[in-house]
Amino acid sequence: MLEQTAAIRRGDLSSVELTRMYLERIDALDRHDTLNAYILSRGQDALADATRLDGLRAAGRPLGPLHGVPLAVKDNLFTAGTVTSNGTALLGKFVPEHDATVVRLLRSAGALVLGKTNLHECSFGITSNNPHYGAVHNPYDPLRIPGGSSGGSGAAVAARLCSAAVGTDTGGSVRIPAALCGVVGLKPTLGRVSRGGMFGLSWTCDVVGPIARTVADAATLLRVMTSGPDPLDPDAAHEPPGAGLPDGPGAGAQRLRGARIGIPDGFLAADNAPDVDRVLAQTHRALEQAGAILVPVTVAGAEAATAQGFVTVIPEAVVLTERALSTAGVDGGVPAGLDRFGADVRTALGAQVGPDPDPVPAFRYAETLSTTLPALRQAFADVFADVDVLLTATTPATASPITQDETMRHNGRNVGTFETFVRYTYCVSMAGLPAISLPAGTDSAGLPVGVQLVGPRWGEAGLLGIASALEYIMHT
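These remarks concern the structure in this document. (Residues numbered from 1 in each chain as written. Predicted model: local features only at pLDDT ≥ 70, side-chain atom pairs only at ≥ 80, totals over all residues. Heavy atoms only, no water.)

1. Comments concerning the nonpolar core
- Leu 106, Phe 380, Ile 436 and Leu 453 are the most contacted members of the largest nonpolar core, which has 110 residues in total.
- Setting aside chain neighbours within four positions, we find Phe 380 in contact with Val 299, Leu 390, Cys 427, Val 428, Ala 431 and Leu 433.
- The next biggest cluster of nonpolar side chains, apart from the first, holds 28 residues, and it includes Ala 37, Ala 165, Val 183 and Ile 211. (Core = buried A, V, L, I, M, F, W, Y, C linked by side-chain atoms within 4.5 Å. Buried < 20%, exposed > 50% of the residue type's maximum accessible area, 1.4 Å probe, protein only. Contact = heavy atoms within 4.5 Å.)

2. Here's the deal with the sheet that holds strand β8 (residues 207-212)
- Strand order in this open sheet of eleven strands is β1-β3-β2-β6-β8-β7-β14-β15-β11-β9-β10, and the pairing throughout is mixed. Only two strands of the sheet have a single partner each, and these edge strands are β1 (38-41) and β10 (293-297). Averaged over all pairs of adjacent strands, the angle between strand axes in this sheet comes to 30°, irrespective of strand direction.
- Where strand β7 (residues 184-187) and β8 come together, two bridges link them in antiparallel fashion. From the neighbouring strand, Gly 185 faces β8, where its bridge partner is Ile 211.
- The strands touched by helix α5 (residues 151-158) within the sheet are β1, β2 (70-74), β3 (112-117), β6 (164-169) and β8, with β6 carrying the most contacts at an inclination of about 155°. (Pairing = 2+ DSSP bridges. Helix = DSSP H or I, 4+ residues; strand = E, 2+ residues; numbered from the N terminus. Axes fitted to C-alpha atoms, helices over the stretch in contact; angles between N-to-C directions.)

3. Some remarks on the pattern of salt bridges
- Counted under the stated rule, the structure contains 14 salt bridges.
- Its salt-bridge partner being Glu 460, residue Arg 192 comes within 2.8 Å of it at the nearest N-O pair. One end of the pair, Arg 192, is in the loop between β7 and β8; the other, Glu 460, is in helix α16 (residues 460-474), and 268 residues separate them in sequence.
- On the accessibility criterion, Arg 192 (3% relative accessible area) is buried.
- Measuring nitrogen to oxygen at the nearest pair gives 3.3 Å for the salt bridge that ties Arg 260 to Asp 386. Here the residue Arg 260 occupies a position in strand β9 (residues 260-264), and Asp 386 occupies one in the loop between α13 (362-384) and β11 (389-393), the gap between them amounting to 126 residues. (Salt bridge = Lys/Arg side-chain N within 4 Å of Asp/Glu carboxyl O.)

4. Observations regarding the environment of Glu 316
- Checked against the element boundaries, Glu 316 lands in helix α10 (residues 305-327).
- The class of Glu 316 is buried, set by a relative accessible area of 0%.
- A C-alpha to C-alpha distance of 28 Å links Glu 316 and Val 224, two positions 92 residues apart in sequence.
- Residues in contact with Glu 316, not counting those within four places in the same chain, are Leu 201, Ser 202, Trp 203, Thr 204 and Tyr 365.

5. Some points on the packing of helix α2 (residues 15-29) against helix α3 (residues 43-58)
- Interhelical geometry of α2 versus α3 gives an angle of 160° and a closest axis separation of 8 Å. Taken together, the axes of α2 and α3 are roughly antiparallel relative to one another. Between α2 and α3 the crossing geometry is right-handed. Between α2 and α3, the contacting residues are Ser 15, Val 16, Thr 19, Arg 20 and Leu 23 on the first element and Gly 43, Ala 46, Leu 47, Ala 50, Thr 51, Leu 53 and Asp 54 on the second. (Parallel < 35°, antiparallel > 145°, perpendicular 65-115°, else oblique. Left-handed = near helix turned anticlockwise from the far one by under 90°.)

Honestly, that's just the spatial picture; any functional story needs more than this.
What follows is the structure in structure tokens.
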């Protein structure tokens, strides 16, 4: 992406040429039965945006850091004048009047929206097997999942169907597609990027983050996307952006000398597929050879985070889905629309408001927010008192086959796909911490393996510096 913006600035490449190239690739590669990364492309509207941006450059107008680059946007983020479906049939005709804050910021920096990417319905899952818009397929193997819920964004970046993409992450939904599709996915600190104009899932965990091909691209996108206070999102941060850009490759490699890298034990390391363990061990050796110090650590309470996540996310999802349907003018809200959701979303929401509900007890929800969640966040803070970042596998396994029952084979047993893939990501989301997934190798079938770096709260600058250095040594 950064090379493209530089070429556009020099006049060696036009935004129209770049946009047309991506649209041609989408037409050729992104059919319903192949990748299915996009719910819709903006086609002629995107070309019109590119023509306008080329005109600004020709007129000598000031150019933003993303001038002329075509980005894909997950279809739960508002795009003015373009359908925003949230991956569900109930919202399939909703056309927002305004952009999400993050989309507005990206456009202000010179980017254009190429199209809206497919996702797990309502962002409520990890496979991106969407019952209304079709399954998203992994570019490395179309019979396998791309991860989710931002699966279309991950697949589009990996297949070079856009310059970069925007996703959202509640329990791993940026990092998991990045890992399974072999690209970079960055989850910011909770509150750094505004959620204004987003069909959300959980105010406790939701963030908006970039998916890109390099750490530098992701860092550039984050800097643009960082809003500060936003009237559309009362939880948006008042802290200064502070994301920074990582140093260039030469200087970046030096960042690892003396860096203290926490290597968690127990739950955060215990159930990897053999190929994932092999790639993780290779990453450990590369870090030590570059002068990093690997520090064994324990994150107390990490093993309970997924269950705690359900206690918080499911009630919050009902409220936010009800709000989304109301925004779109859907009569009757969640209860009336239950039979129009896919099976997994219908089951989760129906547990709260269905004809035979078994809702999360209010006291359990309150206990999690007031006691359990602060304890988890303190456990991470205690670990970061002694290390700069944590390193785990992003996922315990590589991309699993697309199935209808949301289960998979892992280490010789049948397991739930969701619980398996969020094992190392959900606790980070519950703690509100920044994290990034980097491609680190492949398994014996050639499928990507990702590693996750986690930083302290508001620690994106240091996290991105170490991520850039790790990326450099893994590719030299």
